[in-house]
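What follows is each chain in one-letter form.
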Amino acid sequence: MLFLYLSFTGVESYSRPMQISDDQPVEKADSVRKIVLQKDIIDVLKGLRKKHRQDSVKVDTVLKTGKVLFSIVPAFGYTLTSGLIGSMNVNSAFYSSNPQKTRLSSITANFIYTQYKQITIPLQASIWTRDNDLNILTDWRYFKYPQDTYGLGPDSELSDASGIDYKHVRLHQTVLKKVTESFYAGIGFFYDYRWRISQEDSNADVTRYGLTPKSISAGPVATLVYDNRTNSINPEKGFYTSVQYRSSLKKLNSTSNWNSIVVDIRKYFNLPQGSRNTLAFWNYNWLVVSGKAPYLDLPSTGWDPATAMGRGYIQGRFRSPKLLYFETEYRMSLTRNGLLGAVVFGNAQSVSNWPANNFTKVAPGGGVGLRIKVNKKSRANVAIDYGFGMKGSRGLFVNLGEVF
């Protein structure tokens, strides 16, 4: 017996699995599209024990409460900032309570090592309690991260590169409480500690702004979230938005007093309706609204929580106290069984002039990508993207899970 996860108009994947008996014609069970048994890379590696007819589907149990689905994927990539990248990516998905009433929880851990001796070890989790009453968000990371920085503002050039080396511990913890079915409010605490910060080359902007041997940013966070997606790993449709206000305070041992706001908006459309294709939009605005943040805490390309913003550009390519970002992506199935997919994407980012705060330039980017299904139940993909930007900027980007 096999359960098949469907997506009808107004119903997200995982929201309401539908049982189809062995002798029930697919056409009666789903008038929107013909159902094909889904496959992932595990099916390919193991080989299916027996063939299934494509015009009927057997039924089994859905992902049960307490059962954990694991995806373990070694990956490689290349970017101008890191050279060759090797990583081991582990993703788990599970329901902590009744799958009919509770959203899918996920935990992701990675070990990433690059040609330029960068080490990143992130642990990220989104845990939903019974009836979605609480959403516990964890973002813990360790970085040993030599990297180039290019100064401040939109006029920086690749030739302005200045090497910076540092170590960084990030401990971000947030708890959201359900207010209505899709609206949440919560508080948290963010702690960022960087030490052994050294600048290898001179850069006028870095020198003028100031770069200390260590920096601490610690303080409370207030967050409002609206989210009607049921699968945050790979949404097919739905709407997500969050507004996050962060305050770093000297009395909590921060290097300086400063405040920032992040507005994150995402919208997903099933297009064409009834297909497995998705048109997605992402708007990410990151603004330091008061005080002077440490240089490495300033808004910067690719330093959003998913380190995904600005495909086509080197991480840290643009940096300033204010950053505006927009991206759109079309995700499509290449095979009817869902094993392979493709995306095409375009983005645009703008950082404020420094020391002024006005916006005068936009840096566009774009690219294409391949998707390989690693878990058909959680719908987790390996994302392999090639992105390009202005003036020869380009790179290969590999990720477990969709970029947004």
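These numbers were taken from a predicted model, which means no experiment stands behind them.

Definitions and cut-offs
As a convention, each chain's residues are numbered from 1 in the sequence order in which they are written. Since the coordinates come from a predicted model, pLDDT governs what is reported: local features require at least 70, and pairs of side-chain atoms require 80 or more to be given and counted, while whole-chain, interface and lining totals use all residues. As a convention, hydrogens and water are excluded, and side-chain values are obtained from all of the structure's heavy atoms. Strands here are runs of E lasting at least two residues and helices are runs of H or I lasting at least four, both read from the DSSP assignment and numbered beginning at the N terminus. Buried residues are those whose accessible area, probed at 1.4 Å on protein chains only, stays under 20% of the maximum for their type, while exposed residues exceed 50% and partly exposed ones sit between those limits. The protein chains shown are the only cover counted for residues, whose accessible areas, like all others here, come from Shrake-Rupley with a 1.4 Å probe. Without a salt bridge and with relative accessible area above 30%, a residue can belong to a patch; like charges are then joined within 9 Å and nonpolar side chains (Val, Leu, Ile, Met, Phe, Trp, Tyr) within 5 Å. One side-chain nitrogen of Lys or Arg within 4 Å of one carboxyl oxygen of Asp or Glu is enough to make a salt bridge. Two aromatic rings from Phe, Tyr or Trp, using only the six-membered ring of Trp, form a pair when their centres are within 6.5 Å; if the ring planes differ by under 30 degrees the pair is stacked, by over 60 it is edge-to-face, and anything between is tilted. Two limits define a charge over a ring: the Lys NZ or Arg CZ must be within 6 Å of the ring centre, and within 35 degrees of the ring normal. Nonpolar cores were defined as sets of buried Ala, Val, Leu, Ile, Met, Phe, Trp, Tyr and Cys residues, with membership established by side-chain atoms within 4.5 Å. Whether two residues are in contact is decided by their heavy atoms, any of which lying within 4.5 Å being enough. Following DSSP output, two strands are said to pair if at least two bridges run between them. Counted as a polar contact is a pair of N or O atoms within 3.5 Å, where, for protein atoms, one must be capable of donating a hydrogen and the other of accepting one, and residues adjacent in sequence contribute only when both atoms are in side chains. Per-residue confidence from the predictor is reported as pLDDT, a score between 0 and 100.

J.: Talk me through the overall build of the chain; I want residue IDs and the actual numbers.
T.: If you tally the helices and strands in the chain, you get three helices and 17 strands. Across the 404 residues of the chain, 53% fall into the buried class. Split by element, the accessible area of the chain, about 18100 Å² in all, is 60% carbon and sulfur.

J.: Describe a nonpolar patch on the surface, naming the residues involved and giving the relevant values.
T.: A surface patch of nonpolar side chains, about 670 Å² in accessible area, is lined by Val68, Phe70, Ile72, Met88, Phe111, Tyr113 and Ile121. Among the secondary structure elements, those contributing two or more residues to the nonpolar patch are strand 1 (68-79) and strand 3 (105-114). Per-element accounting of the nonpolar patch gives the leading share, three residues, to strand 1. Examined against the element boundaries, Tyr113 turns out to sit in strand 3.

J.: An account of the packing of aromatic side chains is needed here, citing residue identities and associated values.
T.: Evaluated as defined, the whole model comprises 17 aromatic pairs. Their ring planes at 50° and their centres at 6.5 Å tell us that Tyr145 and Tyr166 sit as a pair that is tilted. With Tyr145 in the loop between strand 5 (134-144) and strand 6 (147-149) and Tyr166 in strand 7 (residues 162-178), this pair connects stretches of sequence that are 21 residues apart. Among the residues examined, Tyr145 registers a relative accessible area of 8% and is labelled buried. The exposure class assigned to Tyr166 is buried, which follows from its relative accessible area of 4%. Pairing Trp282 with Tyr325 gives two aromatic rings, centres 5.5 Å apart and planes at 75°, and the pair type is edge-to-face. You can see Trp282 sitting in strand 12 (residues 278-291) and its partner Tyr325 sitting in strand 13 (residues 322-333), a full 43 residues away along the chain. Take Trp282: its relative accessible area is 1%, and that puts it in the buried class. Among the aromatic side chains, those forming a connected cluster through ring pairs are Tyr268, Trp282, Tyr284, Trp286, Tyr325 and Phe404. Above the plane of the ring of Tyr209 lies Lys292, whose end atom (NZ or CZ) is 4.7 Å from the centre. Lying over the aromatic face of Phe404, Arg331 brings its terminal NZ or CZ to 5.0 Å of the ring centre.

J.: How would you explain the nonpolar core if you had to name every residue and give the values?
T.: Membership of the largest hydrophobic core comes to 32 residues, with the highest contact counts inside it found for Tyr166, Tyr209, Trp282, Tyr284, Tyr295 and Leu298. The element contributing the most residues to this core is strand 12, with five residues. Look past the residues within four positions of Trp282 in its chain and what remains in contact with it is Asp264, Ile265, Arg266, Asp304, Met309, Tyr325, Phe326, Glu327, Val403 and Phe404.

J.: Describe the pairing of strand 8 (residues 183-199), naming the residues involved and giving the relevant values.
T.: The sheet contact formed by strand 7 and strand 8 spans 14 bridges and is antiparallel. If you follow Leu171 over to strand 8, its bridge partner there is Tyr191. Linking two consecutive strands that pair antiparallel, namely strand 7 and strand 8, is a turn of four residues. Inspection of the sheet shows strand 8 paired to strand 9 (residues 215-227) by twelve bridges, in the antiparallel sense. Along strand 9, the bridge assignment pairs Gly186 with Thr223.

J.: Describe in detail the environment of Arg379, supporting the description with residues and values.
T.: By the secondary structure assignment, Arg379 is in the loop between strand 15 (363-375) and strand 16 (380-388). What makes Arg379 buried here is its relative accessible area of 12%. Taking C-alpha positions, Arg379 is 8.7 Å from Asp40, a pair spaced 339 residues apart along the chain. Among the polar contacts made by the side chain of Arg379, one reaches the side chain of Glu236 at a distance of 3.3 Å.

J.: Could you give an account of unusual backbone geometry, with specific residues and numbers?
T.: Going from Leu271 to Pro272, the amide bond is cis rather than trans, its omega being -5°. With respect to the secondary-structure elements, Pro272 resides in the loop between strand 11 (258-270) and strand 12. Here the amide bond leading from Trp354 into Pro355 is cis, since omega sits at 10°, within 30 degrees of zero. Its location among the elements puts Pro355 in the loop between strand 14 (340-351) and strand 15. For Lys391, which is not a glycine, the phi torsion comes out positive at approximately 55°. Take Lys391: it is sitting in the loop between strand 16 and strand 17 (394-400).

J.: I'd like to hear about the pairing of strand 3, residue by residue, with values.
T.: Taken together, the ten bridges between strand 2 (residues 83-94) and strand 3 define a ladder with antiparallel strand orientation. If you follow Phe94 over to strand 3, its bridge partner there is Ser105. The sheet contact formed by strand 3 and strand 4 (residues 119-128) spans six bridges and is antiparallel. Within strand 4, the residue paired with Thr108 across the bridge is Gln124. From the end of strand 3 to the start of strand 4, which pair antiparallel, there are four residues, and Lys117 there has a positive phi angle of about 65°.

J.: Mind laying out the confidence of the model for the chain, listing which residues take part and the relevant values?
T.: Note that predicted coordinates carrying low pLDDT should not be read in detail. On average, residues of the chain score 84 in pLDDT, and 86% of them are at 70 or above. Contacts for the low-pLDDT stretch residues 1-33, under 50 throughout, to residues beyond four places or in other chains number 88 contacts. Every residue in residues 52-61 is under pLDDT 50, and counting partners more than four places away or in other chains gives 35 contacts.

J.: Could you give an account of the pattern of salt bridges, naming the residues involved and the relevant values?
T.: Two side chains carrying opposite charge are able to pair once their charged atoms lie near each other. Applying the stated criterion across every chain, the model contains 20 salt bridges. With a shortest N-O distance of 2.6 Å, Lys177 and Asp133 are connected by a salt bridge. Placement of the pair is Lys177 in strand 7 and Asp133 in the loop between strand 4 and strand 5, with a sequence separation of 44 residues. Taking the relative accessible area as the measure of exposure, Lys177 reaches 41% and is therefore partly exposed. Linking Arg311 and Asp385 is a salt bridge whose minimum nitrogen-to-oxygen distance equals 2.8 Å. You can see Arg311 sitting in the loop between strand 12 and strand 13 and its partner Asp385 sitting in strand 16, a full 74 residues away along the chain. The class for Arg311 is buried, based on a relative accessible area of 2%. When salt bridges that share partners are traced, they join Arg311, Glu327, Glu329, Arg331, Arg371, Asp385 and Glu402 into one network.

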